[in-house]
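# Secondary and tertiary structure notes
The primary structure of each chain is shown beneath.
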Amino acid sequence: MTMSQAEAAMAQAQFTIVRGLAYNGAGELIHPQLLKKYENRATAIVDYAARTQEYSPCSTLTRRRFGSRGGRQEGADPTASCWTNR
């Protein structure tokens, strides 16, 4: 398990706890903003953990070089580093 996956698991567990506490005994939502905050946080962290390579510093350059379908782009410098070709 990677650190990102561990953080995603913790965020999901926290959301589950908050979801249980966000409602009163009658089933009425009493903490909607808190619930939404933890839901958004868990969703974002899970998405990040699933796609860490897409969030790496070189991912934008890789998409520019190879395009969304993986074919090399016309005029792309195959030797360019992601740090020098931003």
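Note that this is a predicted model, so its numbers are computed, not measured.

What counts, and at which threshold
- Residues numbered from 1 in each chain as written.
- Predicted model: local features only at pLDDT ≥ 70, side-chain atom pairs only at ≥ 80, totals over all residues.
- Heavy atoms only, no water.
- Core = buried A, V, L, I, M, F, W, Y, C linked by side-chain atoms within 4.5 Å.
- Buried < 20%, exposed > 50% of the residue type's maximum accessible area, 1.4 Å probe, protein only.
- Helix = DSSP H or I, 4+ residues; strand = E, 2+ residues; numbered from the N terminus.
- Contact = heavy atoms within 4.5 Å.
- Salt bridge = Lys/Arg side-chain N within 4 Å of Asp/Glu carboxyl O.

### What about the nonpolar core?
Counting eight residues, the largest nonpolar core is built from Ala8, Ala11, Phe15, Ala22, Leu35, Ala42, Ile45 and Ala49. Element by element, the count of residues in this core is highest for helix 2 (residues 32–50), at four residues. Residues in contact with alanine 8, not counting those within four places in the same chain, are Ile45, Val46 and Ala49.

### Digging into the pattern of salt bridges
Counted under the stated rule, the structure contains three salt bridges. As a salt-bridge pair, glutamate 39 and lysine 36 come within 3.8 Å of each other at their nearest N and O atoms. In this pair, glutamate 39 and lysine 36 are both assigned in helix 2, three residues apart and thus about one turn of the helix distant. Across the salt bridge formed by arginine 51 and glutamate 54, the nearest N and O atoms sit 2.8 Å from each other. Looking at arginine 51, the relative accessible area reads 31%, which means it is partly exposed. Each of Asp47, Arg51 and Glu54 takes part in a single network of salt bridges with overlapping partners.

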